[in-house]
Amino acid sequence: MTSSPPVDWGIGHYERTAAQLLPAARVLVDRAAPAQGERVVDLGCGTGNGALLAAARGARVTGVDPAARLLEVARKQAAEDGVEADFVVGDAASIPLAAGEADLVMSVFGVIFAPDPVAAGAEMARVTGTPGRIVLSAWIPTGAISVVNRMARETVSRVLDLPPGPPPFPWHERDALAGLFEPHGFEVSLEEETIQFTAASIAEQVDGDQENHPLAVAGRAVLEPAGELEALRARIFETYEAANEDPDAFRVTSHYVIATASR
């Protein structure tokens, strides 16, 4: 048996997914309310959705992400938008800032992919000052998108003959987040939100994901040579057909939480 290598989020064209997630980034930044002059860290910033929104409010923003290509996309977008923000390579277990340097650490569906949630939580707490706050979004694992992602992940693991891994850390649950952040002096609260994923058709959604999303691109490299890609695609179609909310196109609703940890 072999271990699954970490995914390079710079492969594919994550820009498409970032555009789909922009409404959720707006909700999170509204909730976090970065103020003029506040020092903000956007962890797992990707192409900069949250970072750029915070910078537009006058915050002093540093976007952190392990994917250098996505950081370059974010830099170009900042220049086009006429806002100032720094973008640096780093990950959730090693944020390149000094202790207490941030007024706000936020993460728009970013830190939820951290391999070591405990280390990520401790590191977010380390760079957050007192007073300070951490605001993150996390998927609630229900609905068609969640089912499809789990299906794809399990298929790749089967093809690679990987042993069953531990269950994903429940970033969407208050008790789990309290376990991460309360030992560092934070109080945690959650609010539930929804976002809709839309496309002209189910085929457009499936093809767009398989051709662009980094996880799907990495999965395709495993499944296609094994002759498993088309069978997975058929199962994804069935799942989306059953859940589709728009008979003339494609629309499914996903649920997520915005968690706020303050001290």
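The structure displayed is predicted, hence computed values, not measured ones.

Undergrad: Would you mind showing me how to read the overall build of the protein here?
TA: In terms of regular secondary structure, the protein is built from 9 helices and 7 strands. With the principal axes as the frame, the protein shows a C-alpha extent of 50 × 40 × 30 Å. Counting every position in the protein, which comprises 263 residues, the buried fraction comes to 48%. Considering only intrachain contacts with a sequence separation of at least 6, the fraction spanning at least 24 residues in the protein is 77%. Of the roughly 12400 Å² of accessible surface on the protein, a fraction of 53% belongs to carbon and sulfur atoms.

Undergrad: In this structure, what is going on with the packing of aromatic side chains? I would like to understand it.
TA: One pair of aromatic rings is described through two measures. These are the centre distance and the angle between the planes. Counted under the stated rule, the structure contains 9 aromatic pairs. Arranged with centres 5.0 Å apart and planes meeting at 65 degrees, the rings of Tyr-240 and Phe-250 form a pair that is edge-to-face. Of this pair, Tyr-240 sits in helix H9 (residues 229-243) while Phe-250 is found in strand S7 (residues 250-262), placing the two residues 10 residues apart along the sequence. One exposure class covers both Tyr-240 and Phe-250, and it is buried. Through a chain of ring-to-ring contacts, three or more aromatic side chains come together here, namely Phe-109, Trp-139, Phe-197 and Tyr-256.

Undergrad: For this particular structure, what's the right way to read the side chain of Gln-20?
TA: Its location among the elements puts Gln-20 in helix H1 (residues 15-32). Here Gln-20 is in contact with Ile-195, Phe-197, Thr-198 and Gln-205, once residues within four sequence places are set aside.

About the cut-offs
Residues numbered from 1 in each chain as written. Predicted model: local features only at pLDDT ≥ 70, side-chain atom pairs only at ≥ 80, totals over all residues. Heavy atoms only, no water. Helix = DSSP H or I, 4+ residues; strand = E, 2+ residues; numbered from the N terminus. Buried < 20%, exposed > 50% of the residue type's maximum accessible area, 1.4 Å probe, protein only. Contact = heavy atoms within 4.5 Å. Areas by Shrake-Rupley, 256 points an atom, 1.4 Å probe, with all protein chains shown as cover. Phe/Tyr/Trp six-rings, centres within 6.5 Å; stacked < 30°, edge-to-face > 60°.

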